[in-house]
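Secondary and tertiary structure notes
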Amino acid sequence: MKETHTSRRTFLAGSLTALGATTATMTVQAQQSEWSYVVVSGTPGAGPVRYELETNDTLEKTTETGGAPVDGASVNANDVLEGSFAGGVVVGGVDAYRYRGDLTLLSVDDDATVYVDGTQIDPDSVGENYDYLAIVGDGSKADYSFEVDGDVAKTNMTGGAPTRYASVQDGDSVDAGSVSGSVFGGADAFRVAGDITEFDLSGGTAYLNGQEYTGPSAGDDGDGRGQTGDGSEPGIEFVDCTTVEVTGSFDEVSLSVLASDGGCGPGPRFSEQEYVFGLNADEVIEGTTTITLPSGYFAAYQVVESATAEGTSSMSVSNPDANACRAEMESQFEDC
């Protein structure tokens, strides 16, 4: 059984000839017949990485990688290919697709490398930008409904919510921009283009792009996260493995920490800790606050795995680079 220590301490403070015409026509036709390639490569030793992509033309699975510096692209029955849409998961492996036209959607939910025609790219720079809304059940029935003033579709991707996989159930209703459904112990998730204008949830917890979500409110721009006094949106951003930037008005921020001394002695090699940053009882954290876990506070090696800000509204965000931070930490351990 893993030993757990918890410490709560408060600290203050994006005109042709006929021949020429024939030659030109043949060139255009040749260009139209060429394929482009998109490759998603997982990180060995990391967990499963989910992705989805769509084109405005033809899309096919392939074992060719289009010049990307990776090998072993596979065609798996578990990957979904429906017309010009594809969704799947890689666990340290490689998935590849060839397509014509343009990529209109390319989303990856964790640590993976993406290539288009052999060149590494940032998935966020391709296609349209979408929000991901996930409703996570707590074991009891949770009913939800919401309205979107744009497109919405069911998805397996949860956009950074604590649960990384969502099921696609026939019982959930998506009718244009109106959505309703229920969850028990699992999760439902939706890919949203546009603003959420109405939201109702009975039970469970909702997350929008990984942040706890309670619905749109007065002053919102439609994402339900409100705004701070200077017009910026509340949020938590990981700066590095032990530092976060918190924007908004909160009573306190707690950091969930994985700690280790890296030694070879008896007992557990890791412990889970909690570091709490707060102010006096009558004060709040406002604006943008940088919170850094003090070096060696719990142990010689430390990784902040998630951060939670609490106040009038609350949010919790997982470290998107936690796997890489843990790998870096373990690389410094003694060989036992």
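Up top is the structure these notes are about.
Residues numbered from 1 in each chain as written. Predicted model: local features only at pLDDT ≥ 70, side-chain atom pairs only at ≥ 80, totals over all residues. Heavy atoms only, no water.

**Overview of the state of the cysteines**
Scanning the model with the defined rule gives 1 disulfide in all. There is a disulfide in this structure between Cys 241 and Cys 325, and the S-S distance comes to 2.0 Å. Sign of the S-S torsion, about -90 degrees for the bond between Cys 241 and Cys 325, identifies this disulfide as left-handed. Of this pair, Cys 241 sits in the loop between strand 19 (235-240) and strand 20 (243-247) while Cys 325 is found in helix 2 (residues 322-331), placing the two residues 84 residues apart along the sequence. (Disulfide = S-S within 2.5 Å. Helix = DSSP H or I, 4+ residues; strand = E, 2+ residues; numbered from the N terminus.)

**Re the environment of Glu 34**
Within the secondary structure layout, Glu 34 lies in the loop between helix 1 (18-33) and strand 1 (36-42). Glu 34 gets classed as exposed once you look at its relative accessible area, which sits at 53%. Sequence-wise, Glu 34 and Arg 98 are 64 residues apart; in three dimensions their C-alpha atoms are separated by 9.7 Å. Those residues in contact with Glu 34 that lie beyond four places of it in its chain are Tyr 99 and Arg 100. (Buried < 20%, exposed > 50% of the residue type's maximum accessible area, 1.4 Å probe, protein only. Contact = heavy atoms within 4.5 Å.)

**A short note on the pattern of salt bridges**
Enumeration according to the criterion identifies 8 salt bridges in this entry. The closest approach of N and O atoms between Lys 61 and Asp 95, which form a salt bridge, is 3.7 Å. Residue Lys 61 is located in strand 3 (residues 59-62), and its partner Asp 95 is located in strand 6 (residues 94-99); the two are separated by 34 residues in the primary sequence. Lys 61 sits in the buried class, given a relative accessible area of 18%. (Salt bridge = Lys/Arg side-chain N within 4 Å of Asp/Glu carboxyl O.)

**Let's talk about the sheet that holds strand 20**
Spatial ordering of the open sheet is given by 19-20-23, a layout of 3 strands whose pairing is antiparallel. The open sheet has two free edges, formed respectively by strand 19 and strand 23 (288-292), since each of these has just one partner strand. Ignoring strand direction, the axes of neighbouring strands in this sheet form an average angle of 20 degrees. Summarising the sheet, strand 20 and strand 23 pair through 5 bridges and their orientation is antiparallel. Opposite Val 246, over in strand 23, you have Thr 289 as the bridge partner. (Pairing = 2+ DSSP bridges. Axes fitted to C-alpha atoms, helices over the stretch in contact; angles between N-to-C directions.)

**Points about helix 2**
Taken as a whole, helix 2 has its buried residues at Ala 322, Cys 325 and Met 329. Projected down its long axis, helix 2 shows its buried positions confined to an angular sector of 65 degrees, all on one face. In this fold, the buried residues of helix 2 make contact with strand 21 (252-260) and strand 24 (301-310). (Arc of directions from axis to C-beta.)

**Here we look at the packing of aromatic side chains**
A complete count under the given rule lists 7 aromatic pairs for this structure. Measuring from centroid to centroid gives 5.2 Å for Phe 146 and Phe 190, while their planes differ by 75 degrees, and the two rings are edge-to-face. With Phe 146 in strand 11 (residues 142-148) and Phe 190 in strand 15 (residues 187-193), this residue pair connects regions lying 44 residues apart in the sequence. Judged by its relative accessible area of 0%, Phe 190 is buried. Centre to centre, the rings of Tyr 275 and Tyr 297 are 5.6 Å apart; their planes meet at 80 degrees, and the pair counts as edge-to-face. Residue Tyr 275 is found in strand 22 (residues 271-278), and its partner Tyr 297 is found in the loop between strand 23 and strand 24; the two are separated by 22 residues along the sequence. By relative accessible area, which is 23% here, Tyr 297 ends up partly exposed. Here Arg 98 stacks its cationic end above the ring of Trp 35, 4.1 Å away from the centre of that ring. Here Arg 191 stacks its cationic end above the ring of Tyr 130, 5.6 Å away from the centre of that ring. (Phe/Tyr/Trp six-rings, centres within 6.5 Å; stacked < 30°, edge-to-face > 60°. Lys NZ or Arg CZ within 6 Å of the ring centre and 35° of its normal.)

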